[in-house]
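Below, each chain spelled out in residue letters.
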Amino acid sequence: MLSYPWNPQRPSPMPTHRYVPYGERVDVPLRARSWPSARLTAAPLWVPVDLRDGNQALAEPMDTARKRRLFDLLVSMGFKEIEVGYPSASRADFDFVRHLVDLVRSGAVPDDVTPVVFTPARPDLIDRTFEAVDGLPRAVVHLYIATSPVWREVVLGKDRPAVAAVARAAAAHLARLADARPDADIRFQFAPETFNLTEPDYVLELCDSLTELWDASPDRPVTHNLPATVEIATPNVYADQIEYMHRHLARRDSVILSVHPHNDRGTGVACAELALLAGAQRVEGCLFGNGERTGNVDLVTLALNLYAQGVDPMVDLSDIDAVREVVEHCNRLPVHPRHPYAGDLVHTAFSGTHQDAIAKGLAHHAKRAADLGVEPGLAPWSVPYLPIDPADVGRSYEAVIRVNSQSGKGGTAYLLRTRHGLDLPAAMRPDVARVVQETTDGSGREARPEELYELFRTTYLTPGRPGSGGAVSVLAWGADTTPDGLHRCVCTLDVNGRPGDFEGVGNGPLSAFVAALGAAGIAVDVLDYSEHALASGGTSEAAAYARCRVGGGGDVWGAGVDTSLLTASVQAVVSAVNRGLAQRTSRDAAVTTA
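Residues numbered from 1 in each chain as written. Predicted model: local features only at pLDDT ≥ 70, side-chain atom pairs only at ≥ 80, totals over all residues. Heavy atoms only, no water.

J.: Mind showing me how you'd approach unusual backbone geometry here?
T.: With glycine set apart, most residues show a phi of negative sign, and most peptide bonds adopt trans. The backbone of Asp 215 shows a phi angle near 50°, a positive value even though the residue is not glycine. Asp 215 gets classed as exposed once you look at its relative accessible area, which sits at 53%. A positive phi angle is found at Met 314, which is not glycine, with a value near 70°. Tracing the chain through its elements places Met 314 in the loop between helix H10 (299-307) and helix H11 (320-331). For Met 314, a relative accessible area of 55% puts it in the exposed group. (Buried < 20%, exposed > 50% of the residue type's maximum accessible area, 1.4 Å probe, protein only. Helix = DSSP H or I, 4+ residues; strand = E, 2+ residues; numbered from the N terminus.)

Here it is in C-alpha cells:
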C-alpha cells in the first residue's frame, strides 16, 4: 500500500482478503480499444423491463390493474419494445400477457409496439411462454441461461459444453414453435446471464451458434443481450467486454447488441453509457432504476443525460412529474428526492452562492432570448448548476431556489422578485438575507416563498405604516411646489406619542419630507433610494426602498408599497427611521443592563 505524507488514512479492520479482484475472475482480451474516443450522437433502442425484471423485485408485485397502467404509460412515452412479463413464472404474469393479447386484438396497442416475454432454457417453460403469446401478431421471446463459472459449477452443475448444449436445444425448440406460427412475427433474443463474469470466448461461441441456428439476417435480426447481472468492476471493464463482442460477433449486421446493466457498484448508468460507446445498440432498464438488489439501470437518467447533450432521447419526458406519479403508484416505491432530473430537490438550490449564480444565469438567459427574438423556452440553455431547463421536463422555475439557513442574498431576492414582484436593490439584499437567516437559524427549517414575503412585510413594510407601534407615525401629509421651484411638505407626525404639525422644504417631495422630520427632531440622511412598479399598468402598486442614517447611527433599510409612488417613498423612509430608532433603543438598553 502506497503511503503519502498528505494522506493520514490507515488500513481498516475489514477483511478485504476475502474478495477477488475482477482481473482474477474474468479476462477481457481487448487491448486496442476505440470506445474512449467515441461520442453518443443518437439514442439506442430503449427497452423498459419494469413489468418483468422490475416487478419481480417488488415486495408486493403489481396486480393486473397496476401493470396495465404502467404499460399504458410506457406506450404513451414512446417505447417500442416493452418486456411485459415472465409468463412461465407465475399465473399473474401469464394472465397479464393474455390481457395484452386482448388489447392488441382490440387495437389498443399501436402496431409498432412489440411485447417481449422472458423464458429460461427449459422446454416445458418455453411451451408455457408460447401459450401466453398465442394470438400476438408480433413478439420477442427472450431466452436466457446463466453462463459464468460460478453459476455453472454452483447452480447448474454443468461444464461449458453441457451448458452450451442446453442453450442450443432450447433455442431449437423455440424456433420450432415459432415456425409453427407463420402468421406471427416472432423474433428471438438470447441473454447469457452473468455475461460480465463469463469467459468472453465462451459467450462469443454461444451467441454465434444461436445466431446461426436462428438464421439471423439484417431484415430479421436476433438480439444478444449481455447483462452486467451483478456489477463486479469499473464501467470501463464492461465497455471492454462489450467492444470485444461488438468486434467479433458473427453476422454483426444481423445482430442487435443489447446491454442490461445492474447497479450493484452504483455505476449502472456509467456502464450503460460506456457500453453504448463500445458498440451496444439497445439498453434494457427500468424507469427510475427499480430492480433487484440496488436496481436495474435507470432509463430516465440515461435518456435525459443524452438530452442534456443535445441528443433526442426518442422518448417523451416532458412531464416528468406525471411519469413519476404513475411509477410510484405502480411500484409502491418513492423516487428519491435527489434522483437526477426527477427528484423533488434536484431542481432546487439552498446554498447562497448557488442561488446567486442561478438567479444571475436565469436573468442572463431571459436577456439572451430577448436579444435573439425568441421565447425563453426556445433559446440555447446555459445556466449555472442547471444542466437542463427545468421547464423542459415540466418543472417550474419557482422550484429552483429555496431558502433555509444556508441560503444567501441571491435566493431570497429571486423568490421575492419572481413570486411577489419585489425587485430588491442589490445593496439591500444582504440585509434581507441576514433577517431571513436569523429566522431560519432559529426554526431550523426551510422558509417558503409566502413566509419570505410575510417576513419582509413585518420587517420592512409594517414599520412605515400608521399604527405600526413605531416611534414615528405619519398621521397626515401633503406636498406642493413653492414659487421658487422648491418642494414643501406639511405633515402631522406622531413622535413618541406626541402629535404635532411640521413643515420642510427640499429640492424634491421626499427631501422636503426628510426636512419635516428634521423639524420634528428626527435627523435623517437618505443614503440610497430606488423604486419600481410591481406590475405593468397604470393602476399597479409601486415599491420604494430607502437606506437611511438615523440620528448619526448605523445604516438602516426601509421599504414601502402603495398605489402612490410618493406615499411608498414616504413609508420607506419612515420604516427606516422606526427600525433605526428601535435598534438604537435596543443597544442603549443592552449598555444599561451591562
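J.: Just to check I follow, could you spell out the domain arrangement of the protein chain for this structure?
T.: When the parts of a complex come together, some accessible area is lost, and that lost area is often used as the size of the interface. Along its sequence, the protein chain is carved into domain 1 (39-331), domain 2 (346-400) and domain 3 (465-593). Here domain 1 and domain 3 have C-alpha centroids that lie 72 Å from each other. (Domains from an automatic or database assignment.)

J.: Teacher, can you tell me more about the layout of surface pockets here?
T.: Rolled over the atoms, a probe with the dimensions of a water molecule shows which regions are left empty. Estimates place the volume of the largest pocket at around 390 Å³. Together, 25 residues line the largest pocket, and Phe 288, Gly 289, Asn 290, Thr 294 and His 339 are the ones closest to its centre. Put simply, the parts of the chain that give the lining of the largest pocket at least two residues each are helix H9 (268-277) and H11. Its residues assigned to classes, the lining of the largest pocket comprises nine nonpolar, 14 polar and two charged. (1 Å grid on protein atoms, 1.4 Å probe; cavity = no way out; pocket = protein on both sides within 12 Å on 5 of 7 lines; lining within 4 Å. Points joined across faces, edges and corners; volume = space filled by probe spheres on them. Nonpolar A, V, L, I, M, F, W, Y, C, P; charged D, E, K, R; others polar.)

J.: I'm lost on the packing of helix H2 (residues 64-77) against helix H3 (residues 91-105) in this one. Help?
T.: How two helices sit against one another is set out by the angle between their axes and by the gap between those axes. Between H2 and H3, the least distance of the axes is 10 Å, while the angle of their chain directions is 50°. The orientation of H2 relative to H3 falls into the category oblique. In this structure, the crossing between H2 and H3 has a hand that is right-handed. Only Ala 92, Asp 93, Phe 96, His 99, Leu 100 and Leu 103 of H3 make contact with H2, whose side of the interface consists of Thr 64, Lys 67, Arg 68 and Phe 71. Split into classes, the residues belonging to the contact of H2 with H3 amount to five nonpolar, two polar and three charged. (Axes fitted to C-alpha atoms, helices over the stretch in contact; angles between N-to-C directions. Parallel < 35°, antiparallel > 145°, perpendicular 65-115°, else oblique. Left-handed = near helix turned anticlockwise from the far one by under 90°. Contact = heavy atoms within 4.5 Å.)

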